[in-house]
Amino acid sequence: MDTPTVCPVARPRDDEPLSPGTHSFRLGGIVQRYHVHGSGPVCVAHPGGPGLFWDYLRVPALETHLTMVYVEPIGTGESGCLPSHPHGYTRDRYSHFLQVLINRLRCSRVYLLGHAHGALVAAHHALHRSESLAGVILYDAEPPSGRADRAPTPPAGDSDVDAGGWSSATAGVHRRAAYISGLDENLCRTTGVDRADLARMDVRTLVISGREDPVRGAARGRGLHEVIPGARLSVLEHDGCMGHVQEPEGFTHAVREFVLDAEVCAPAR
């Protein structure tokens, strides 16, 4: 896909893309919004779903160590929608928007954190657009399967998800979401990341999973850790699927130590 011209919208702060606060730009006529908090090495955070709004993933404890850049993925919140909405939000499409955002930040190296479906986006990005990544953090990701992704569905009775989205509570956290179909523009399901792909990842990787995850427990993380060369595994003992809320100290420590080790081993800039 050719990279369209990036044009600023209102209050873009083009001269300070990492200044604290909310930023927006346009890519191919679609608004992409992101939020900056904290200081230190830059970490771009992509939420799950697909379709979850960004705010549930905010981690104030990390912001004392890192400059956190929270992405509002296209199709959610105040970011724009694809012409094919609610279809077409493939991992490669999300990754393409991520790369334009990373280029806009004007950093030589960033860390990329993805939660749940966002971790699959992060893994895809690490496989195909790794040139600006200092490391990738795969948080509560599905283990490799290669099977077709399951298409998400909105809650029963919600007939206007495009206008207002829907909301739910998990681990005491209020989460809002827009309905994203999980299908590409041709209404076909995309396949999951498989073992052969992950076995060739050459980006420093941290895998975080929760032992109390109601779906697969720590097996989620082990499935990725066993495949990705040199990956580090952190299992949060009391985490279900929201470790940054249920076990914030352990989550923050795992990410912080991973980044510190990577910064020590980083080549001179």
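In this text the structure is predicted, and so the values were computed from the model without any measurement.

(A) Here's a closer look at helix α1 (residues 91-105). The end-to-end C-alpha separation of α1 is 21 Å, in line with the 21 Å expected for 15 residues at 1.5 Å each. A positive phi of about 60° marks Arg106, the residue just after α1.

(B) Spotlight on unusual backbone geometry. Following Gly49, the chain continues into Pro50 via a peptide bond in cis, with omega recorded as 5°. Assignment of secondary structure puts Pro50 in the loop between β4 (42-46) and β5 (67-72). Residue Pro86 follows His85 across a cis peptide bond; omega there is 10°. By the element assignment, Pro86 lies in the loop between β5 and α1.

(C) Summary view of the pairing of strand β2 (residues 21-27). Pairing geometry for β2 and strand β3 (residues 30-38), over seven bridges, is antiparallel. Bridge pairing in β3 places Gly21 opposite Val36. A loop of two residues connects β2 with β3, the two strands running antiparallel in sequence, and Gly28 in this loop sits at a positive phi of about 60°.

(D) Structural context of the confidence of the model for the chain. When pLDDT is averaged across the chain, the result is 83; 77% of the residues are at 70 or more. For the stretch residues 1-10, pLDDT sits under 50, and the model shows 20 contacts to residues farther than four places along the chain or on other chains. Across residues 153-164 the pLDDT falls below 50, and counting only partners more than four positions away or on other chains, this stretch makes 13 contacts in the model.

(E) Structural context of the nonpolar core. Counting residues in hydrophobic clusters, the biggest one holds 42 residues, and the most contacted among them are Val44, Val69, Leu101, Val136, Leu138 and Leu198. Every element with two or more residues in this core is listed here: β2, β3, β4, β5, α1, β6 (110-115), α2 (117-128) and β7 (133-139). Every residue in contact with Val69, bar those within four places of it in the chain, is listed here: Leu18, Tyr34, His35, Val36, Val42, Cys43, Val44, Ala45, Leu101 and Leu105. Counting 27 residues, the second largest nonpolar core, distinct from the first, contains Ala45, Leu62, Ala254 and Ala262.

(F) How the structure looks around the side chain of Glu63. Looking at where Glu63 falls in the secondary structure, it is placed in the loop between β4 and β5. With a relative accessible area of 11%, Glu63 lands in the buried category. For Glu63, the contacting residues outside a window of four places in its chain are His37, Gly38, Ser39, Arg58, Met68 and Tyr70.

Definitions and limits used
- Residues numbered from 1 in each chain as written.
- Predicted model: local features only at pLDDT ≥ 70, side-chain atom pairs only at ≥ 80, totals over all residues.
- Heavy atoms only, no water.
- Helix = DSSP H or I, 4+ residues; strand = E, 2+ residues; numbered from the N terminus.
- Expected span 1.5 Å × (residues − 1).
- Pairing = 2+ DSSP bridges.
- pLDDT = per-residue confidence, 0-100.
- Contact = heavy atoms within 4.5 Å.
- Core = buried A, V, L, I, M, F, W, Y, C linked by side-chain atoms within 4.5 Å.
- Buried < 20%, exposed > 50% of the residue type's maximum accessible area, 1.4 Å probe, protein only.

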